[in-house]
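A look at the structure
These are the residues of each chain, in order.
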Amino acid sequence: MLVKKINIVWIKRDIRSQDHIPLMHAEKHGNPYLIIFLFEPDLIRYPDTSLRHLQFQYHSILQLNETLKKYDKEVLIYYSDICSVLNSIMEQYHVEHIYSYQESGIQLSYDRDMLFATYCKQHKIVWHQFQRDGIIRGIKTRQDWDKKWFLTMHSDIVENTYSIHEHFNVVNPFPLPKELKESFSDYSNHFQPAGEAFAYRYLESFVSSRAKNYSKHISKPLESRISCGRISPYLSWGNISIRQAYQYVYTFSKTGKNKFALSNFLTRLKWHCHFIQKFEME
């Protein structure tokens, strides 16, 4: 009996359907593909993770699944480590390629990726990792980094399209525990709602109204609550890419309205990447 060949897209900090390079490559390859997201017990237990982070991720995935539903696709959620998840998938299918973005995270996530790279070599799986938000892995100096960052920000946004492949079922031996799923579902409506659609709503409301006091209130904790961009969680979990945010705001900055404030905002998008690049290098 022939084992069906498939590919995998591993979603991490890129929970969106557009401007998504791994999903684009999975579509181009032609094999049916799974989209997976892992709630990893080791990372959940780490001190820098909070329930609000996990809730935001979970509800971002739910919204993404609503978008993908019409293509008979969904993000499969696992509660386990990546090697165990792949072992379970390969009991049913032959995995040829895995597509993901590079992740600039803590030592724990870096060690996990190094371990998984070895796993892929051992199992003859090709793991394609793509640059995220202008962060360049492996460079020794930031010479010309600014120029490369601007080139990335002004390059074409990926317009993802999706085909409907033959549906296939996957046994998931690592579902979210009931108690954890309940805690993820109990997401207060006082928090910013998660997901790709809300990322654009907050960005639109910023450029149309809040931006007028952005520069004036940026150093004032109370006032800045009603004049800042409010897109940090959407950038952190990739509901929107830095490039999407940059080009959206850049277009409005050329109209003349709140030009100075929007220019300041664009500078801070660059600072965001500057410090992650510094973190990545160190």
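Residue numbers here run from 1 along each chain, matching the order of that chain's written sequence. Residues qualify for local features only when their pLDDT is at least 70, as the model is predicted, and side-chain atom pairs are given and counted only at 80 or more; totals for whole chains, interfaces and linings, by contrast, use all residues. Based on all heavy atoms of the structure, the side-chain values leave hydrogens and waters out of the count.

Topic: the pairing of strand E2 (residues 33-38)
For E2, a buried count of six out of six residues is recorded, marking the element as mostly surrounded by other parts of the structure. Buried residues are those whose accessible area, probed at 1.4 Å on protein chains only, stays under 20% of the maximum for their type, while exposed residues exceed 50% and partly exposed ones sit between those limits. Under the DSSP-based scheme used, a helix requires at least four consecutive residues in state H or I and a strand at least two consecutive residues in state E, with every element numbered from the N terminus. Of the two faces of E2, the one holding Tyr 33, Ile 35 and Phe 37 and the one holding Leu 34, Ile 36 and Leu 38 are both buried throughout. Two strands qualify as a pair provided DSSP detects at least 2 bridges between them. In terms of strand pairing, strand E1 (residues 5-11) meets E2 through five bridges, oriented parallel. Within E2, the position partnered with Ile 8 by the bridge is Leu 34. Crossover handedness is defined here as right-handed if the route from the first strand over the helix to the second strand goes clockwise, with the strands pointing away from the viewer. Remark: the E1/helix H1 (residues 21-29)/E2 crossover connection has right-handed handedness.

Regarding helix H5 (residues 107-122)
Taking 1.5 Å of rise per residue, 16 residues should cover 22 Å, and H5 covers 23 Å from first to last C-alpha, within 8% of that figure. For H5, the complete set of buried residues consists of Ser 109, Arg 112, Asp 113, Phe 116, Tyr 119 and Cys 120. Viewed end-on, H5 has its buried residues packed into an arc of 120°, placing them on one side of the element. Opposite its buried face, H5 presents the exposed residues Gln 107, Leu 115, Lys 121 and Gln 122, each directed more than 90 degrees away. Buried residues in H5 make contact with E1, helix H2 (41-45), helix H4 (82-89), strand E4 (94-101) and strand E5 (126-130). Just beyond H5, the residue with positive phi is Lys 124, at close to 55°. Given a helix with a known number of residues, its expected span is that number minus one, times 1.5 Å. What the arc measures is the spread of directions leading from the helix axis to the C-beta atoms. In what follows, residue pairs with any heavy atoms lying within 4.5 Å of each other are defined as contacts.

What to know about the side chain of Ser 60
Along the chain, the position of Ser 60 falls in helix H3 (residues 51-68). For Ser 60, a relative accessible area of 1% corresponds to the buried category. Within the structure, Ser 60 has its side chain in polar contact with the backbone oxygen of Phe 56 (distance 2.7 Å). In contact with Ser 60, other than residues within four places in its own chain, are Ile 15, Ala 194, Gly 195 and Asn 239. Polar contacts here mean pairs of N or O atoms no more than 3.5 Å apart (in protein, one a potential hydrogen donor and the other a potential acceptor; neighbouring residues in sequence count only if both atoms are side-chain atoms).

Considerations on helix H6 (residues 145-153)
The complete set of buried residues in H6 reads Trp 145, Trp 149 and Met 153. Seen end-on, H6 carries its buried residues on one side only, within an arc spanning 70°. Facing away from the buried side of H6, by more than 90 degrees, are the exposed residues Lys 147 and Leu 151. Along its buried surface, H6 packs onto helix H12 (242-253) and helix H13 (259-281).

Remarks on the packing of aromatic side chains
Between rings of Phe, Tyr and Trp, where Trp is taken as its six-membered ring, a pair exists when centres lie within 6.5 Å; planes separated by under 30 degrees are stacked, by over 60 edge-to-face, and by other angles tilted. The final tally for this structure, using the stated rule, is 20 aromatic pairs. For the pair Phe 206 and Phe 265, a centre-to-centre distance of 4.7 Å together with 40° between the ring planes defines the contact as tilted. Taken as a pair, Phe 206 in helix H8 (residues 196-208) and Phe 265 in helix H13 lie far apart in primary sequence, 59 residues in all. Judged by relative accessible area, which is 6%, Phe 265 ranks as buried. Here a set of aromatic residues connected by ring pairs shows up, and it is made of Trp 145, Trp 149, Phe 150, Tyr 246 and Tyr 250. Only when the NZ of Lys or the CZ of Arg is both within 6 Å of the ring centre and within 35 degrees of the ring normal is a charge said to sit over the ring. Sitting above the plane of the Trp 10 ring, Lys 12 keeps its charged end 4.3 Å from the centroid. Directly above the aromatic system of Phe 191 lies the positively charged group of Arg 52, at a separation of 3.7 Å from the ring centroid.

Some words on the environment of Lys 257
Structurally, Lys 257 is set in the loop between H12 and H13. Classification of Lys 257 by relative accessible area gives exposed; the value is 54%. Along the chain, Lys 257 and Arg 52 lie 205 residues apart, while their C-alpha atoms are 35 Å from each other. Those residues within four positions of Lys 257 in sequence are excluded, and the remaining contacts are Ser 208, Phe 252 and Leu 262.

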